[in-house]
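Residues per chain, in single letters:
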Amino acid sequence: MRYTYKGVPTYKNPFDLALYQMLLWQQKPRTLIEIGSKWGGSALWFADILRSFGVDCVIHSIDITPPSISVQDVTFHRGDGRNLAATLPADLMENLPRPMFVIEDADHHCETTLAVLRFFDRWLVAGEYIVVEDGIVDDLYGPEYVARLMGGPRRAVELFLRDRGQDYEIDTGLCDHFGTNVTWNVNGYLRRVR
Ligand SMILES: C[S@@+](CC[C@H](N)C(=O)[O-])C[C@H]1O[C@@H](n2cnc3c(N)ncnc32)[C@H](O)[C@@H]1O
């Protein structure tokens, strides 16, 4: 949690920075939506790496308390992952360039993650990704903490896939690239398959 990028705090594990780098090169998204901006460090890193790839990508980063930082190709929005329709109305979503790439990195409460997964289920198409961050909280902070999060991101992924698993798969090639779930995004790299 002490990691920084260009001096901006960035809550990413180095393994995930390596995995994101590979996945973004493969996906070349034209739209990246991040829920949970914090200081803006991750949006800054995503914008820089996509620009260095020559990918013309617009980033929308949403937070209940958006940062004051200004970043090229990034729009920071004030918004709530539990009510994304208010920030990302249908007329905006319909016109976003594709492929789309979504990252859920908000409060890690099961309800928030589930709301984000269900919101984007309407919009994602086969081949696109939604990454659910920080399923690692179970291992980092233990059962009492995760109980306060109503099971946290891992539970949300389980509940979502219970309903919608026919159209998504966990990209185990990524999750297990450095060893089984050597990532903070435990079982969190989800690919829409149909
Ligand atoms: C883990 S931090 C994001 C870290 C950032 N993506 C990074 O990698 O550096 C979580 C952020 O989610 C925001 N947040 C908490 N609840 C939220 C919600 N319901 N909707 C949107 N953002 C939320 C917090 O304000 C906080 O800034």
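Going by the annotation in an unreviewed UniProt entry, the name recorded for the protein chain is Cephalosporin hydroxylase, with Mesorhizobium jarvisii given as the source organism.

Ranked by size, the top nonpolar core spans 29 residues in total, and within it Tyr20, Leu24, Leu32, Phe46, Leu50, Phe101 and Tyr189 carry the most contacts. Among the elements of the structure, α1 (14-27), α2 (41-52), β5 (74-78), β6 (100-104), β7 (129-132) and α7 (172-175) are those that each provide at least two residues to this core. The element best represented in this core is α2, accounting for seven residues. Leave out the neighbours within four places in its chain, and Tyr189 touches Asp16, Leu19, Tyr20, Leu23, Ile130, Val131, Glu169, Ile170, Asp171, Leu174, Cys175 and Thr183.

Take the pattern of salt bridges next. One pass over the full model with this rule turns up 19 salt bridges. When the shortest N-O distance is used, the salt bridge between Asp107 and Arg82 registers 4.0 Å. Of this pair, Asp107 sits in the loop between β6 and α4 (110-121) while Arg82 sits in the loop between β5 and α3 (90-94), and the two are 25 residues apart along the sequence. Residue Asp107 is classed as partly exposed on the basis of its relative accessible area of 40%. For Arg82, the salt bridge identified is with Glu111, shortest N-O distance 2.9 Å. Linking Arg82 in the loop between β5 and α3 with Glu111 in helix α4, this pair joins segments that are 29 residues apart in sequence. For Glu111, a relative accessible area of 48% gives the class partly exposed. By sharing partners, the salt bridges in this structure join Lys6, Asp48, Arg51 and Asp73 into a single network.

Attention now goes to a nonpolar patch on the surface. Taken together, the side chains of Leu140, Tyr141 and Tyr145 make up a nonpolar region of the molecular surface, amounting to roughly 300 Å² of accessible area. Examined against the element boundaries, Tyr141 turns out to sit in helix α5 (residues 137-148).

Cut-offs and rules
- Residues numbered from 1 in each chain as written.
- Predicted model: local features only at pLDDT ≥ 70, side-chain atom pairs only at ≥ 80, totals over all residues.
- Heavy atoms only, no water.
- Core = buried A, V, L, I, M, F, W, Y, C linked by side-chain atoms within 4.5 Å.
- Buried < 20%, exposed > 50% of the residue type's maximum accessible area, 1.4 Å probe, protein only.
- Helix = DSSP H or I, 4+ residues; strand = E, 2+ residues; numbered from the N terminus.
- Contact = heavy atoms within 4.5 Å.
- Salt bridge = Lys/Arg side-chain N within 4 Å of Asp/Glu carboxyl O.
- Patch = residues over 30% accessible without salt bridge, like charges linked within 9 Å, V, L, I, M, F, W, Y side chains within 5 Å.
- Areas by Shrake-Rupley, 256 points an atom, 1.4 Å probe, with all protein chains shown as cover.

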